[in-house]
Amino acid sequence: MSERVAVRKTYKLFIGGKFPRSESGRSYLVQSANVSLASRKDARDAVVAARAAVKGWSGATAYNRGQILYRVAEMLEGRREQFVALGVPGGEVDAAVDRWVWYAGWADKLPQVYGGANPVAGPYFNLSAPEPTGVVAVVAPESPALLGLVGVIAPAIVTGNTVVVAASPSAPLAAVTLAEVLATSDLPGGVVNLLTGRITETAPTLAAHLDVNAIDLAGVTDRELATELEAGAAENLKRVLRPVPADHDWAGDPGLGRMTALLETKTVWHPKGV
Amino acid sequence: MTATTTSARSDLSELGRSETALRTFLHGLPGVDQVGAEQRAAQLGTRSIKTTAKAQAIDLAIRMVDLTTLEGADTPGKVRALAAKALRPDPADPTCPHVGAVCVYPAMVPHVAEVLRGSAVHLASVATAFPSGQAPLDVKLADTRAAVAAGADEIDMVINRGAFLAGRYAEVYDEIVATKEACGDAHLKVILETGELATYDNVRRASWLGMLAGGDFIKTSTGKVPVAATLPVTLVMLEAVRDFRAATGRQVGVKPAGGIKNTKDAIKYLVMVNETVGGDWLSPDWFRFGASSLLNDLLMQRTKLTTGIYSGPDYFTLD
Amino acid sequence: MMFEYAPAPESRAIVDIRSSYGLFIDGRFVDGENLDKTVNPATEEVLAEVTWAGAQDVDRAVRAARKAYDKVWGPMPGRDRAKYLYRIARLIQERSRELAVLESLDNGKPIRESRDVDLPLVAAHFFYYAGWADKLPYAGFGADPRPLGVAAQVIPWNFPLLMLAWKVAPALAAGNTVVLKPAETTPLTALLFAEICQQADLPAGVVNIVTGAGDTGRALVEHPGVDKVAFTGSTEVGKAIARSVAGTGKKVTLELGGKAANIVYDDAPVDQAVEGIVNGIFFNQGHVCCAGSRLLVQENVAEQVLDALKRRMALLRVGDPLDKNTDVGAINSAAQLARIRELSDAGAAEGAQRWSPPCELPERGFWFAPTIFTGVTQAHRVAREEIFGPVLSVLTFRTPAEAVEKANNTPYGLSAGIWTDKGSRILWTADRLRAGVVWANTFNKFDPTSPFGGYKESGYGREGGRHGLEGYLNV
């Protein structure tokens, strides 16, 4: 009896809830697979999709966002073996699932912890509340391929931002597979957009893009590139999260920093009177 | 805001015919934000009025005083003395102007009229079962007619606050109309008793109601409830007379009464008039202070300005 | 009749201005080489000569700050830092009249504002952050948040002492030391503040003040010895700073320009709204980053609101900043006046209708009459560019959605105003405005407990409140 011929997967980009190939028609061979090689135009399209998703996602209730992030955890748990088959250690998958669960719970708590009433010296109601900054460009860490990716996507989107993520160029398969998890987790299209390919090609486009509100340089290891991207981000005063040291422990307590760095605090005043 | 459009001009006279129309109109007036109104009043209170401006303000304030006594213990002798003081507040200084009016209970009107006869000082009488207004309408109207007949040329009436707060605007309106009619040629000042109206929105509505019904003046208070005139209340009333004139072409006066004790306070009111409705109202014909002890402080400050020496209460008569 | 207010000048005898000032480095005033004059913008009279610090001066100041951080201020217990800050707050209260007069002299703002707004807020800001110094573990940034080190702080000329307070108070409370550069046209209150630091026996080097212009600021911001850059000023300079610190790891907070929309709905409390519009754009001559410089008024009440606004504007008293009855003072500098004129002329040339109340301006000094432009569209320069002067652009809208769309249609996002008597409409609108501070039925209110700062190109980070500590801690 002949062995069954396997059906191989095509690893494509994830933009606006769909899985298109690069508009450039290019791919590159990595992890024994051909993966889309995203172009500057793909980056631009991803920003358009991310921007289009901002209104709905930031306008969703915190409870709803929390539910969807928890749904991501459920779906990821169910696909555990698929990630293991791609070479992601089982413990890392477990940690990634737990990370989604942890962030899911923050959706309706962070505004309470990070905002609040301010006791101004006058007859005013005064409330500070965090809001998402908008579209966030993210350069994902090279490794750990899955936990690192979750560790930058989840804190950005839990508060209502949408993201364009440049995946690890050397280990993109876990990233594309995570995109497949996201695509089946009730997450609205465009909230997470994933680009595979060269950081040097996509990141400068994203850093300079005037319709991007923040950039997370977590995975940028080249100091010169990091400086160039940060300087590019100054063009419209993007919020910048600087590169994470290579020895960073992505399994450790993430703290609030990655969430709060991508928030705007809005303070509303109103007189109290009759 | 629609209340101030010129297109509304012709309609306003019809409002009193219908409770619904009155309610719709009064509740359609723009709201007053308490904090904002009080801040504006406080800010105007920081104006620094010195030297020549202060002298001008003091003389104007004296001319605007409705020199008032409204006590059960008032006697003919006391009110005559008050009227004499109204004519010549500072006997030592002939340049000192006379006050705007003397304000007394109806029973005292004949005694004051004797003293004021032939002078430019007006004679105001509270009427309509002052201060509570708790009497049948015919009694209130009789009260008014009696005061006018005895020589009062200005009548200070109180509105029916109970009816106003209960939303029976037509009832309040009709009473004012009837009182105005009973006044004949006498000017009618409508006392809103703002200390009982609870909100500036109500002050604005009551102001409009008083004006729509024909009041010649709107006045803050009787002086007989704990909260009398305040700067923010007067600000809201000034805005109302300003907007009413813009809407109807008719100018209505304003009289804060009660609690205005000294020159500094009086000047704050004048600044407020100046910067809210402007020079058209800076006259005793259009702005009055209902006060008693204020006059002596104005006189003391006036003396200080002319002589450079601080005066004392012993140098001015108490009544 | 006319009621004219006689002049009521605040005495300037309370202030003793020296003929020249050095730099305040390491606890004492040191003479520098380059002197320049600072003038009273209301009269063009020279007030004093002030040193313009060069790169070497800046280096000395940064070293002094570093030494103070390492040896004194860093190791000092929070409760003792607190007491120094409380001391400073009290000294400011005690010398508030002197500081207010000096601020009005050097800046041109009315004494009514420096006395009733700036100085009370300055003292309150120090008082507020003093209390944080020994409570940092409770601020929500972890159990042991650490200071950053030396903070380079560059502030503008519109609220010289208040902006100093916004910078210095949280920095010191968090345990940093500072080198502060005041604006070149308004250095004097910062130098008087240096004297207050001496009077408070603040350890040498904790606060250093280097005066000068853009070059001095650049040398300070780019100095490799600083760990933190805090800047308030124009978006253009903010971007240059963001570029220059790229790759350095310096923590940055920027509080930049704005073009705030002040939205007036048809059910607004109109008299208070008009006050709010006036306060929004004519407060401090419109030299306010969060000024309500775009009035968006619902079209069905536009005429009434404009009439009321014009009537109110005619009452504004423009003139001598030291007169207690002045509402609008002098434009801070000839350069700023030129900028306001240029943009106003552009507004007129682009077809907007210009209106100012009859207003006699003094002959000497820098003056600009309160001005509104009507018939403005979103495309006009006066609707897009920050004028930073007493110039209001009036636009109309039909629906709430249109108001929000127009309000947000700008690269800026610092502040906004909403006027309506309907609570749910306030919250609906506030939710949608992309601005860091939203004043509903009020405008231009400030408080040390209330975070302030912008979205988008209005900068990042917040000043004031618990949030204001974040920019000075390693979190």
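Because the structure is predicted, anything quoted here is derived from the model rather than measured.

## A word on the pairing of strand β1 (residues 65–68) of chain B
Residue and element names in this part refer to chain B.
Phase 1: Both faces of β1 are covered, namely the face carrying Val65 and Leu67 and the face carrying Asp66 and Thr68.
Phase 2: Here β1 pairs with strand β8 (residues 289–291) via three bridges, running parallel. Bridge pairing links Leu67 to Ala291 in β8.
Phase 3: As defined by bridge partners, β1 adjoins strand β2 (residues 101–104) across three bridges and the pair is classed as parallel. Within β2, the position partnered with Thr68 by the bridge is Cys103.

## Observations concerning helix α9 (residues 223–233) of chain A
Every α-helical turn comprises 3.6 residues, leaving residues that sit three or four positions apart pointing alike.
Residues and elements named next belong to chain A.
Phase 1: Of the residues making up α9, those classed as buried are Leu225, Ala226, Leu229, Glu230 and Ala233. Looking straight down α9, one finds its buried side chains confined to an arc of 135 degrees; they lie on one side.
Phase 2: Buried residues along α9 sit in contact with α8 (199–208), β8 (214–216) and β9 (239–241).
Phase 3: Backbone nitrogen of Glu224 and a side-chain oxygen of the N-cap are separated by 2.8 Å at the start of α9; the cap is Asp222.

## Re the interface of chain A and chain C
Phase 1: Across the contact, 34 residues belong to chain A and 44 residues belong to chain C.
Phase 2: Approximately 3,000 Å² of surface area, both sides summed, lies buried where chain A meets chain C, with 50% of it carried by carbon and sulfur atoms.
Phase 3: The largest share of the area that chain A buries against chain C comes from A:Leu237, A:Lys266 and A:Trp269, three residues that together contribute 23% of it.
Phase 4: Counting every contact that joins chain A to chain C gives two salt bridges.
Phase 5: When contributions to the side of chain A that touches chain C are tallied by element, the ones reaching two or more residues are α5 (110–114), β4 (124–132), α9 and β10 (263–271) of chain A.
Phase 6: For the side of chain A that touches chain C, the leading source of residues is β10(A), giving eight residues.
Phase 7: In terms of residue class, the side of chain A that touches chain C is built from 13 nonpolar, twelve polar and nine charged.
Phase 8: Here three bridges tie β10(A) to strand β17 (residues 437–440) of chain C, and the two strands are oriented parallel to one another. Among the inter-strand pairings, A:Trp269 is bridged to a residue of β17(C), identified as C:Trp439.

## Focus on the sheet that holds strand β3 (residues 116–117) of chain A
Phase 1: With respect to topology, ten strands assemble into an open sheet ordered β3(A)-β4(A)-β10(A)-β17(C)-β16(C)-β11(C)-β12(C)-β15(C)-β14(C)-β13(C), the strand pairing being mixed. Each edge of the sheet is formed by a strand with only one pairing partner; in this case those strands are β3 of chain A together with β13 (353–355) of chain C.
Phase 2: Here strand β14 (residues 371–374) of chain C runs beside strand β15 (residues 391–397) of chain C; their pairing, made up of three bridges, is parallel. Along β15(C), the bridge assignment pairs C:Phe373 with C:Ser393.
Phase 3: Lying on the sheet, helix α11 (residues 334–349) of chain C is in contact with β13, β14 and β15 of chain C; it crosses β14(C) at an angle near 25 degrees.
Phase 4: In the packing of helix α13 (residues 400–408) of chain C onto the sheet, the strands contacted are β11 (261–264), β12 (294–298) and β15 of chain C, and the crossing angle to β12(C) comes to about 170 degrees.

## Observations concerning the confidence of the model for chain C
Phase 1: In the predicted model, chain C carries a mean pLDDT of 97, and 100% of its residues have values of at least 70.
Phase 2: Here the complex is predicted with pTM 0.96, and the ipTM for its interfaces comes to 0.97.

## A few points about the interface of chain B and chain C
Phase 1: Contact with chain B, which involves 32 residues of that partner, is made by 32 residues of chain C.
Phase 2: With both chains or domains summed, chain B and chain C bury close to 2,700 Å², and 51% of this area falls on carbon and sulfur atoms.
Phase 3: Linking chain B to chain C there are four salt bridges.
Phase 4: Linking C:Asp271 and B:Arg204 is a salt bridge whose minimum nitrogen-to-oxygen distance equals 2.5 Å.
Phase 5: Between the two partners, chain B and chain C, sit eleven residue pairs in polar contact (both at pLDDT 80 or more).
Phase 6: Those elements that provide at least two residues to the side of chain B that touches chain C are α2 (34–44), α3 (51–64), α10 (231–248) and α11 (263–276) of chain B.

## Considerations on the sheet that holds strand β5 (residues 187–191) of chain B
All names here are of chain B.
Phase 1: One open sheet holds the eight strands; their spatial order is β7-β6-β5-β4-β3-β2-β1-β8, and the pairing between them is parallel. Looking along the sheet, the strands with just one partner apiece sit at the ends: β7 (253–255) and β8. Mean inter-strand twist for the sheet, computed between neighbouring axes without regard to direction, equals 25 degrees.
Phase 2: Looking at chain direction, strand β4 (residues 154–158) and β5 are connected through five bridges and run parallel.

What counts as what
- Residues numbered from 1 in each chain as written.
- Chains lettered and ligands numbered in written order.
- Predicted model: local features only at pLDDT ≥ 70, side-chain atom pairs only at ≥ 80, totals over all residues.
- Heavy atoms only, no water.
- Buried < 20%, exposed > 50% of the residue type's maximum accessible area, 1.4 Å probe, protein only.
- Helix = DSSP H or I, 4+ residues; strand = E, 2+ residues; numbered from the N terminus.
- Pairing = 2+ DSSP bridges.
- Arc of directions from axis to C-beta.
- Contact = heavy atoms within 4.5 Å.
- Polar contact = N/O pair within 3.5 Å; in protein donor to acceptor, adjacent residues only side chain to side chain.
- Buried area = accessible area lost by both parts, 1.4 Å probe.
- Salt bridge = Lys/Arg side-chain N within 4 Å of Asp/Glu carboxyl O.
- Nonpolar A, V, L, I, M, F, W, Y, C, P; charged D, E, K, R; others polar.
- Axes fitted to C-alpha atoms, helices over the stretch in contact; angles between N-to-C directions.
- pLDDT = per-residue confidence, 0-100.

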